[in-house]
Amino acid sequence: MTSKLKLLLACTAAMTALPASAQTPAAAANGLEIAKKMIAFRSVRGPGNQTPQLAAYLKATLVAGGFAADDVTITPVDDTAYLIATWKGSDPALKPIVVSGHIDVVEAKPADWQRDPFTAVVENGYLYGRGATDMKLDAALAIATLLDMKKAGYKPKRGIVLALSGDEETVMKTSSLIAEKLKASEMALNIDGGGGLYAENGKPEYFTIGAAEKTYADFQMEVTNPGGHSSAPRKVNAINELSAALVKIGGYRFTPQLSPITKGYFEGVAPRQTPELGAAMRAFVADPTDQKAIETLAANTGYVGQIGTTCVTTMVSGGHALNALPQRATANINCRIFPGVKPATVMAELAKVAADPGVKFSDVTEGSNPTDASPLRADLTGAVKAAMGKIRPGVPIFPSMSAGASDSMWYRSVGVPSYGVSPIYIKQSDDFSHGLNERTPIDNIPLAITYYRSLLTDLTK
């Protein structure tokens, strides 16, 4: 039996219990095959980066599936590249919908993996490989859906633009270039965000629409001193002075905040938590100053980032010799800032907490852009609910805020609302994105095709 046939049979087996509306074997098999080929490209920043070659493969796939060659462009940028494919709508007065994702991945060392990270393997109901979760499978399924819609003769009234960045996992240079180029778009559907949760028994728990992201920021703290011989200690020591400030910051908590996004999230998640945690969520929604609720949520690593800005020391460096007083000591404070709060405001608050004029603060953030949350538009939420209702009827749907950064940040920064809408469901215990032995359940594949077709049709018909 050939490997391709095995993949097709595995995908077909995953569809046997699905409703007729979700029976999409040809498109599903195509999506799985595209994902398999995508994983084989080592699209990692640095020497040997194959992102440009991956983009070339995807262009060939799109053109073979009905896109005009001139409507699929690849733009080289440093050692990477980005791809934009345009499906023109029948009404040029309507702004297009962007389907946003990325085709680069984080590094994966084969010696550390149980399977070669750049060889796709379907085993025990999972697709294994770097990018299986983040996010080559999603990109492949979106492409397979677009090709299937073209084959079926669909004619969008509003244009569809597929935009795949090439360095989202690192410096996001291509991400910002794409957003600037597409800033006249109606909205961006980020297939690298949102998504569903499987319970550990495999039952779908809930689905979230990613409507906000916290702002990433790095602040450097620096203390300098003339130094001297270690045999003649002085009252002021750069390392001691910096350490004292770090202790103050480590014990500080920013004022908790609640937004319509996090309110909806806590209301949706609360019934599915332990009684204590669920009660804390409901109490926080009712009163964001409730100290008991704050303490409970802050003690949980999964939810502390949802109740406001967080800052933590991530790196420390000091001194220049074992037998000398330190002339310089520095630390990096990494912050994830609640949407709507400016980084300069957070840095000023940290300086106030340190309460030492000898500690110099500076913003050393790279590749980040503060943005507000996207509005929960009725057309978007309605289309998502309709699409999800076709594949997982009855599953609760609510908004969410990501503590990390994605390409959505760049769309929002140019005024284009962006929403995380990936249809992939995964167990918490199966989430190995950025880690070893990354994998995603293949039962998502046919369902995702049906979901993407419904979502894109509703938003462009």
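So, here's what we can say about the structure. In this text the structure is predicted, and so the values were computed from the model without any measurement.

### Brief notes about the environment of I239
Here's step 1: Relative to the elements of secondary structure, I239 occurs in helix α6 (residues 238-250).
Here's step 2: Sequence-wise, I239 and L141 are 98 residues apart; in three dimensions their C-alpha atoms are separated by 52 Å.
Here's step 3: When sequence neighbours within four positions are dropped, the list of residues in contact with I239 reads G318, G319, P326 and A329.

### Observations concerning the state of the cysteines
Here's step 1: Under the criterion given, the structure shown has one disulfide.
Here's step 2: Covalently, C311 is tied to C335 through a disulfide, its sulfur atoms 2.1 Å apart. Negative torsions about the S-S bond denote left-handed disulfides, and the value of about 115° found for C311 with C335 makes this one right-handed. In this pair, C311 sits in strand β12 (residues 310-318) while C335 sits in strand β14 (residues 328-337), placing the two residues 24 residues apart along the sequence.

### Regarding the sheet that holds β12
Within a beta sheet, neighbouring strands are joined by backbone hydrogen bonds and run either parallel or antiparallel to one another.
Here's step 1: Pairing is antiparallel in the open sheet, where four strands are placed in the order β12-β14-β10-β15. The open sheet has two edge strands, β12 and β15 (360-363), and neither has a second partner. For this sheet, the mean angle separating the axes of adjacent strands, direction not counted, is 25°.
Here's step 2: Looking at chain direction, β12 and β14 are connected through eight bridges and run antiparallel. Within β14, the position partnered with G318 by the bridge is A329.
Here's step 3: Contacting β10 (215-224), β12, β14 and β15, α6 crosses the sheet at an angle of about 15° to β14.
Here's step 4: Here helix α10 (residues 343-354) sits on the sheet and contacts β10, β12, β14 and β15; the angle it forms with β15, its principal contact strand, is near 165°.

What counts as what
Counting of residues starts from 1 at the beginning of each chain's written sequence and follows it residue by residue. Since the coordinates come from a predicted model, pLDDT governs what is reported: local features require at least 70, and pairs of side-chain atoms require 80 or more to be given and counted, while whole-chain, interface and lining totals use all residues. Only hydrogens and water are removed before side-chain values are computed, so all heavy atoms of the structure are retained for them. Secondary structure is summarised from DSSP: a helix means a run of H or I of at least four residues, a strand means a run of E of at least two, and numbering begins at the N terminus for each. Two residues qualify as a contact provided that any one of their heavy atoms is within 4.5 Å of a heavy atom in the partner residue. Sulfur atoms of two cysteines make up a disulfide when they are within 2.5 Å. Should DSSP find at least two bridges between two strands, the strands are regarded as paired. To define axes, lines are fitted to C-alpha atoms, for helices over the stretch in contact only, and angles between the resulting N-to-C directions are given on a 0 to 180 degree scale.

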